[in-house]
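Coordinates in review
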Amino acid sequence: MLEIFAYKLVLYASSFISLFMAIFWISVLFLEEGNLEEPKWDRKYAPLVSILIPAHNEEDVIAATIDSALQVDYPKTKREIIVLANACTDRTEEIVKSYKEKGVKLISIKEPGKGHAINIGLEKLKGEFTVILDADSIATQNLLEVLLPKFNDIKVGGVKTSIKVWKPENFLEKLQWFEYLSVGLVHKLMSVLDVLHLTPGVFSIYRTDALKKVGGFDENILTEDIEIAVRLLHNGYKIKSSLAAMPFTKVPKTLKGYHGQRLRWARGFFTTMLKHKDMFFKKEFGLLGLFIMPISFIMPILIILSTLIVFYTIAGFILYTSLNGLLTGKIFQGATILLVDFSALFWTSVLVMCGIYVLYKSVRIFREKASYPLAGLMFFIAYPFVKSFYWFLGAMYELLGVKKVWRGDARW
């Protein structure tokens, strides 16, 4: 009985907190939807902006990324583009050199590591603001004019964009299309409450002096883009998000590439949270420290435990039913065990409905069309279990001290 009570406690705690957070963000959306408009850019204000493109063996995509950076609507004399060729062994550097006449600079770096490469770029750049643009991403023309006004608040240290998936083709890419679409709106709402704590490498912009003040990027972490955002917050800066700036990213199209990316994200998340655990429950960090960061850390743990319980229950039910059928010939006797253990399904269904509503609002705000119905169905039914698997795997890798590899040999 004690074991069953513990199982139910975990399931109900996970369901309750998940539902509470869903309703919380829907309430914020309802109250703040009219305040999501973006400030306008005064073109008379055009500070020098440095665009850093860290690249490791990106010969297939680097040209498209550089072309998109060159087409950003911003005075050419107030912009520099620097490609950080990080331990490249393919034609990446050769391709970058062909853009020299267009003002694109190349820094060749022998030591591997994205954080290390970016820090070298920070030492060389001249811009008042620093953009990090992933080498597998496509910048849109309006990015700087949309993001720079956010820095009118001197306490803003970094600004992230919303992100769209570039031309999803296979089923895995379409699943990620739904994921990126739904989180973009939530990140904007977090920005409104000043609790946003990540700046994705796809395209984020920072005050250069803020980056240098906090010591640059952590070179020993797998998710330097999450850690730098939390460190900026730790040092009194704000992180903002924009719904009008929507660059594209090329997501993993193979299971091998997806596995490497998501494992890296999960490991980096836990490392970052533990590194900055002194922010938890501290009133000087406001809602972020008192509520959002602790919940963000606790929820994956509860989701992992809930998923393990669900699979344990299913496995036990199948084993019990099979043995019972062999011994008594009554295959379905005892089926109520499964129903009792899944009594939290009602709250899970409500949670799915909340997720569908957020996705609906995201589609409208991002001016997208409702597409890929089968992928959408699987996104709500099966994708949470996939994410839970990587939370679990990432936690195990960190606990066991498995060697950290930034990306491995799998190209998206």
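In what follows, the structure referred to is the one given above.
Below is a short write-up of the structure.

Conventions used here
Residues numbered from 1 in each chain as written. Predicted model: local features only at pLDDT ≥ 70, side-chain atom pairs only at ≥ 80, totals over all residues. Heavy atoms only, no water. Buried < 20%, exposed > 50% of the residue type's maximum accessible area, 1.4 Å probe, protein only. Helix = DSSP H or I, 4+ residues; strand = E, 2+ residues; numbered from the N terminus. Pairing = 2+ DSSP bridges. Axes fitted to C-alpha atoms, helices over the stretch in contact; angles between N-to-C directions. Parallel < 35°, antiparallel > 145°, perpendicular 65-115°, else oblique. Contact = heavy atoms within 4.5 Å. Core = buried A, V, L, I, M, F, W, Y, C linked by side-chain atoms within 4.5 Å. Left-handed = near helix turned anticlockwise from the far one by under 90°. Nonpolar A, V, L, I, M, F, W, Y, C, P; charged D, E, K, R; others polar.

1. A few points about the pairing of strand E2 (residues 79-86)
In terms of burial, E2 is largely enclosed, as eight of its eight residues are buried. Side chains Arg79, Ile81, Val83 and Ala85 of E2 all project onto a buried face; the interleaved residues Glu80, Ile82, Leu84 and Asn86 project onto the opposite face, where all are buried too. Bridge count between strand E1 (residues 49-55) and E2: seven bridges; the pairing is parallel. Following the sheet pairing, Ala55 is matched in E2 by Ala85.

2. As for the pairing of strand E6 (residues 156-161)
Among the six residues in E6, six count as buried, and that is most of the element. Relative to strand E9 (residues 238-242), E6 runs parallel, the two sharing five bridges. When the sheet's bridge partners are listed, Val156 is paired in E9 with Lys238.

3. Some details on the packing of helix H13 (residues 373-381) against helix H14 (residues 383-400)
Packed helices, taken two at a time, are described by the angle between their axes plus the distance between the axes. Packing of H13 against H14 brings their axes to within 4 Å, and their N-to-C directions diverge by 50 degrees. For the element pair H13 / H14, the angle class is oblique. Contacts from Met378, Phe379, Phe380 and Ile381 in H13 reach Tyr383, Pro384 and Phe385 in H14.

4. What about the environment of Val251?
Looking at the element boundaries, Val251 is found in the loop between strand E10 (248-249) and helix H9 (255-275). Sequence separation between Val251 and Lys164 is 87 residues; the distance between their C-alpha atoms is 9.6 Å.

5. A closer look at the sheet that holds E10
Backbone hydrogen bonds hold the strands of a sheet together, and the pairing may be parallel or antiparallel. Strand order in the open sheet made by the three strands is E5-E10-E7, with mixed pairing throughout. Unpaired on one side and paired on the other, strand E5 (137-138) and strand E7 (164-165) mark the two borders of the sheet. Where E7 meets E10, two bridges bridge the pair, whose relative direction is parallel. Following the sheet pairing, Lys164 is matched in E10 by Phe248.

6. A word on the nonpolar core
In this structure, Trp25, Phe217 and Leu232 are the most contacted members of the largest nonpolar core, which totals 82 residues. Element by element, the count of residues in this core is highest for helix H6 (residues 171-192), at nine residues. With residues up to four places along the chain from it excluded, the contact list for Trp25 reads Val186, Leu189, Met190, Leu193, Val195 and Ile292. In this structure, Ile51, Tyr99, Val104 and Phe151 belong to the second largest nonpolar core, which totals 34 residues.

7. What about the packing of H6 against H9?
Contact pair H6 / H9: the axes reach a minimum separation of 11 Å and the direction vectors enclose 30 degrees. Relative to H9, the element H6 is oriented roughly parallel. Crossing of H6 over H9 shows left-handed handedness. Taken together, the residues of H9 that come into contact with H6 (itself represented by Leu172, Gln176, Glu179 and Tyr180) are Leu255, Tyr258, Gln261, Arg262 and Trp265. Looking at the contact of H6 with H9 residue by residue, the classes come out as five nonpolar, two polar and two charged.

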